[in-house]
Amino acid sequence: VAMINIGREAVENNRLLPYYQPQISMQTGQVIGFEALLRRRDRSGQICLPGTIAEAFNDYEVAEAIGINMLDMVIADMIDWRSRGLDCGKISINASAAEFRNRDFIHRLIDHTDRAGIPRDRLIIEVTEGVFVGRSASAANDMITELKQAGFGISLDDFGTGYASLTHLREIPVDALKIDRSFIQDLFGNSGNDSAAIVSAIIKLGQGLGKTVVAEGIETERQADFLRQHGCLAGQGYLFGRPAPKSSIDELLAGSR
Ligand code: G
Ligand code: G
Ligand code: NA
Ligand code: MN
């Protein structure tokens, strides 16, 4: 009996969709882009809790199918925004380890963006360190280098929670570091002094390396103030906007035009 994979089922029934969360310039408060985040509808059309599809990524074939589906939808949305004269800025998409095992990934990205007439630097590929672990690590390094050479942006997600991240910073051409939200959320919490030291060090590290630093999971003005004072230029989090469906983003973009 074939195992039912909730991800495959969702792809086949067109029940996946991207939500978009704004990324903000911490200096001006302006939207500089969005992160596309995968969401799933249940049979009744309700949006399921994020995370209820996480285990689908354990099956590499399904993970790849989800990635293809997601890219199709995000590109279609970018085409629609452009056709309506709405500037969505840079769009970040999350890549899974499965996609890095297969060179179809880079071909697909180039094909989709070029056919849509979207400048490649409008798309940022977010990778976690999971991509660099295991047998295909050096292949993943090579593919990131190629993605960068092709003109796409590269962002290191959940920075600070993986391991050997500093080595990766020397080996792969990363444009941006995203400080993991656990550090931001603890800034004034139980080990706030430690988190503050870590956050300010990551910001300095990014500055020294000439990389954009994005703080994620910002929920309070107090956290935002700390980050601004320490020179963090970009932020993302509920304080600025929750992940939202395209229709809401349309309104946001039309309102700020
Ligand atoms: O918003 P949410 O709780 O669903 O995000 C949970 C995790 O899933 C995050 O780590 C995020 O990076 C990841 N994620 C969200 N969307 C995608 C996607 O389209 N592809 C992949 N591979 N991961 C995603
Ligand atoms: O790993 P990644 O950074 O892609 O994870 C993104 C996840 O973080 C998504 O599930 C998104 O819904 C969630 N998220 C975004 N902003 C906030 C926030 O301010 N607080 C919390 N708790 N989660 C957030
Ligand atoms: Na991400
Ligand atoms: Mn993250």
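Here the structure is shown first, and the text comes after it.
This one's a predicted model, so the numbers in the text were calculated from it and none came from an experiment.

### Concerning the site of ligand 1
Now for step 1: Close to ligand 1 lie Leu37, Leu38, Pro50, Gly51, Met70, Asn94, Ser96, Asp157 and Pro243, which account for all nearby residues.
Now for step 2: Within the shell around ligand 1, the residues separate by chemical class into five nonpolar, three polar and one charged.

### Notes on the pairing of strand E1 (residues 16–25)
Now for step 1: The element E1 is extensively covered by neighbouring structure, given that seven of its 10 residues are classed as buried.
Now for step 2: In this sheet, strand E2 (residues 31–40) lies alongside E1 in antiparallel orientation, the contact comprising nine bridges. Pairing of Pro22 across the sheet is with Phe34, part of E2.
Now for step 3: The turn linking E1 back onto E2 is made up of five residues, and Gly29 within it adopts a positive phi angle of 80°.
Now for step 4: Of the pairings in the sheet, the one linking E1 to strand E8 (residues 234–236) comprises three bridges and is antiparallel in character. When the bridges of E8 are listed, Gln23 appears paired with Gln236.

### Concerning the site of ligand 2
Now for step 1: Close contacts around ligand 2 come from 14 residues, with Pro50, Gly217, Glu219, Gly237 and Tyr238 the closest.
Now for step 2: In the shell around ligand 2, the residues fall into five nonpolar, four polar and five charged.

### Looking at the sheet that holds strand E3 (residues 90–94)
Now for step 1: Read around the barrel, eight strands follow the order E1-E2-E3-E4-E5-E6-E7-E8 and close on themselves; strand pairing throughout is mixed. The sheet shows a mean angle of 30° between the axes of neighbouring strands, direction not considered.
Now for step 2: With four bridges joining them, E3 and strand E4 (residues 123–127) adopt parallel strand pairing. Across the sheet, residue Asn94 finds its bridge partner in E4, namely Glu126.

Conventions we followed
Residues numbered from 1 in each chain as written. Chains lettered and ligands numbered in written order. Predicted model: local features only at pLDDT ≥ 70, side-chain atom pairs only at ≥ 80, totals over all residues. Near = placed C-beta within 6 Å. Nonpolar A, V, L, I, M, F, W, Y, C, P; charged D, E, K, R; others polar. Buried ≥ 20, exposed ≤ 12 C-beta atoms within 10 Å, placed from the backbone. Helix = DSSP H or I, 4+ residues; strand = E, 2+ residues; numbered from the N terminus. Pairing = 2+ DSSP bridges. Axes fitted to C-alpha atoms, helices over the stretch in contact; angles between N-to-C directions.

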